[in-house]
Amino acid sequence: MERAGLVLDDETEAFLSFLETEGIVTVSDPLETDQLSAAYMEQYKRQVYFLLDILKSPAKAHEVQKRIFDAHITVFGLGAIGSGILQQLCMMGFRRFTLIDYAEVEENDIARTPYRIAMDVGMPKAEAAKALVEDFAFDPQVEMHNVSLRTDTDLGELVQGTSLIINTTDQPYVGYTNIKLSRYALQHSIPVLAAGGFDAHLASLGELLIPHLTPCADCYATFFHESLKDWKPIPHPVKEREGWFGGLGSLSTFSASTAALDILGYFMNPEDRKAAPGGRGEFLFHDYSLDTFVVERDKECLSCGEGHK
Ligand SMILES: [Zn+2]
C-alpha cells in the first residue's frame, strides 16, 4: 500500500486506517474543500474544526458547513430572541434569510438586542435585522417583510424555498403563532424552531419541531393543557402593572443560544431525532437551576398523529 509516496506494510496501513477512523489523524487539510471558497472556510475555520472534533471526518464537517452555507432561514419576529438567534446563525456561516417583523426598533431594545441605538432606533426591525446580517454574514442574501403574522397571513409567499422557519413572534401569543406555522410546515415538510421566551424571571428554551419526527406545536399545546390544568399563577404584589414587561438581555441571549445550538444540531443530523428530541427547558434565574422535560408525540394529534402522515 502506498500513501503520499511512501510504501507501507499491512500492519502500518491498518494502524493508520484505525487512527483515521477514530478521527485522530486526517489525510488532508481539514479546511481544504472544493465545495466552499477558501475565504469562507478561513472565516469559519474554528467552527469547521469544532465540527471535525465531533464528526471525526473532514468530509462530514464540510458537508455540514455546505448545508449551512446553502440554507435559507426564515425568521418571524426580530425582537430580543429573534435578533439574538439571527446574529448567532450568521456567526455559524448561515447567510440566506427572509426576515419578518412589523415593529420598529425602540430605545429600550438596546438593552436586549444586538441592534445599534445610534443608527437603528425608529427603523423597522426587519431593516435593522438586515443591517445586522450584512455586518455579520459572509456574502449575505436577505429578503425582508415589514408585516405582522396574522391568522389570515398567506405563508406560501413568505416561506417559499425555506429550509427552516424560526418563530419568536409573541403577538398575539406565541402558542398561536407556533400552531399556525407548525401546521403549515407539517404539510410542506419544513422544520420549525419554536423559540423560547424570557418572562417571569426565567429563560425558557424553545423546541425544534421536525415534521413527523418530533412532537408538533399541537402536541405541545395538548401536553401543556393537560400538565398545567391545576396550575394557578401567583398574583404579583404590584397591581395594575399592564405594559410593564420585564426583560434581561442575558436571559434572552441564553434562550437564543440554545435555539441556535438546536438549529446547528439539526443541520448536523437532519434525519436523527436524537439530535433534537421533543422537549423544553427552563432556566430559573433566582436559584440558577435548569429544568428540562420531555414531551412525547401525541398519537391522537389532529395535526401530526398516526392518521395524518
Ligand atoms: Zn402533533
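Residues numbered from 1 in each chain as written. Predicted model: local features only at pLDDT ≥ 70, side-chain atom pairs only at ≥ 80, totals over all residues. Heavy atoms only, no water.

With respect to the coordination of the zinc ion
Now for step 1: The protein atoms that coordinate the zinc ion are Cys216 (SG), Cys219 (SG), Cys301 (SG) and Cys304 (SG), at distances of 2.2 to 2.3 Å.
Now for step 2: Motif for the zinc ion, donor spacing along one chain: C-x2-C-x81-C-x2-C. Of this pair, Cys219 sits in helix 10 (residues 217-227) while Cys304 sits in the segment after strand 11 (289-294), placing them 85 residues apart in sequence. Like Cys219, the residue Cys304 is buried in the burial classification. (Donors = N, O, S within 2.8 Å, 3.2 Å for Na, K, Ca; no water. Helix = DSSP H or I, 4+ residues; strand = E, 2+ residues; numbered from the N terminus. Buried < 20%, exposed > 50% of the residue type's maximum accessible area, 1.4 Å probe, protein only.)

A short note on a nonpolar patch on the surface
Now for step 1: Side chains of Ile110, Ile117 and Val121 sit close together on the surface and give an oily, nonpolar patch of about 220 Å² of accessible area.
Now for step 2: Among the structural elements, Val121 can be located in the loop between helix 6 (117-120) and helix 7 (125-136). (Patch = residues over 30% accessible without salt bridge, like charges linked within 9 Å, V, L, I, M, F, W, Y side chains within 5 Å. Areas by Shrake-Rupley, 256 points an atom, 1.4 Å probe, with all protein chains shown as cover. Salt bridge = Lys/Arg side-chain N within 4 Å of Asp/Glu carboxyl O.)

Details of the pattern of salt bridges
Any two side chains of opposite charge can pair, so long as their charged atoms come close to each other.
Now for step 1: Following the criterion strictly, the structure yields 12 salt bridges and no others.
Now for step 2: In this structure, Asp152 and Arg150 form a salt bridge, with 3.5 Å as the shortest nitrogen-oxygen distance. Neither residue differs from the other here; Asp152 and Arg150 are each classed as exposed.
Now for step 3: Arg280 is the salt-bridge partner of Glu207, the closest N and O atoms lying 2.8 Å from each other. Residue Glu207 is located in strand 9 (residues 207-209), and its partner Arg280 is located in strand 10 (residues 279-284); the two are separated by 73 residues in the primary sequence.
Now for step 4: We classify Glu207 as buried; its relative accessible area is 4%.
Now for step 5: Relative accessible area serves as the criterion here: at 24%, Arg280 is assigned to the partly exposed category.
Now for step 6: Among the charged side chains, a salt-bridge network with shared partners connects Arg116, Asp120 and Asp135.

Re the side chain of Thr214
Now for step 1: Inspection of the secondary structure puts Thr214 in the loop between strand 9 and helix 10.
Now for step 2: Take Thr214: its relative accessible area is 1%, and that puts it in the buried class.
Now for step 3: Of note is the side chain of Thr214, whose polar atom sits 3.3 Å from the backbone oxygen of Leu208.
Now for step 4: From its side chain, Thr214 meets the backbone nitrogen of Ile210 in a polar contact 2.7 Å long. (Polar contact = N/O pair within 3.5 Å; in protein donor to acceptor, adjacent residues only side chain to side chain.)

Thoughts on the packing of helix 9 (residues 174-187) against helix 10
Now for step 1: Where helix 9 contacts helix 10, the two axes come as close as 8 Å, and the packing angle between them is 140 degrees. Considering their axes alone, helix 9 and helix 10 lie oblique with respect to each other. Residue-level contacts link Asn178, Ile179, Ser182 and Arg183 of helix 9 to Ala217, Asp218 and Ala221 of helix 10. (Axes fitted to C-alpha atoms, helices over the stretch in contact; angles between N-to-C directions. Parallel < 35°, antiparallel > 145°, perpendicular 65-115°, else oblique. Contact = heavy atoms within 4.5 Å.)

As for the sheet that holds strand 11
Now for step 1: Taking strand neighbours across the sheet as the criterion, the 3 strands line up as 8-10-11 in an open arrangement whose pairing is antiparallel. One side of each edge strand has no neighbouring strand; the edge strands of this open sheet are strand 8 (202-205) and strand 11. Strand-to-strand, the axes of this sheet are offset by a mean angle of 15 degrees, without reference to chain direction.
Now for step 2: Across 6 bridges, the pairing between strand 10 and strand 11 is antiparallel. (Pairing = 2+ DSSP bridges.)

Topic: the confidence of the model for the protein
Any segment with low pLDDT has predicted coordinates that should not be analysed in fine detail.
Now for step 1: The predicted model of the protein averages 88 in pLDDT, with 95% of residues at 70 or higher.
Now for step 2: Per-element confidence in the protein ranges from a low mean pLDDT of 74 for strand 1 (residues 2-3) to a high of 98 for strand 4 (residues 96-100). (pLDDT = per-residue confidence, 0-100.)

Focus: the nonpolar core
Soluble globular proteins tend to bury their nonpolar side chains together.
Now for step 1: Counting 48 residues, the largest nonpolar core has Ile73, Ile85, Leu89, Phe94 and Phe97 as the members making the most contacts within it.
Now for step 2: The element best represented in this core is helix 11 (residues 249-268), accounting for 8 residues.
Now for step 3: Membership of the second largest hydrophobic core comes to 19 residues, among which are Ile100, Val159, Ala185 and Tyr220. (Core = buried A, V, L, I, M, F, W, Y, C linked by side-chain atoms within 4.5 Å.)

Section: unusual backbone geometry
Now for step 1: Positioned with a positive phi, Lys56 is a non-glycine residue whose angle comes to about 60 degrees.
Now for step 2: Relative to the helices and strands, Lys56 is located in the loop between helix 3 (45-55) and helix 4 (58-70).
Now for step 3: Residue Tyr288 is not a glycine yet carries a positive backbone phi of 60 degrees.
Now for step 4: Tracing the backbone through its elements, the reader meets Tyr288 in the loop between strand 10 and strand 11.
Now for step 5: The class for Tyr288 is exposed, based on a relative accessible area of 68%.

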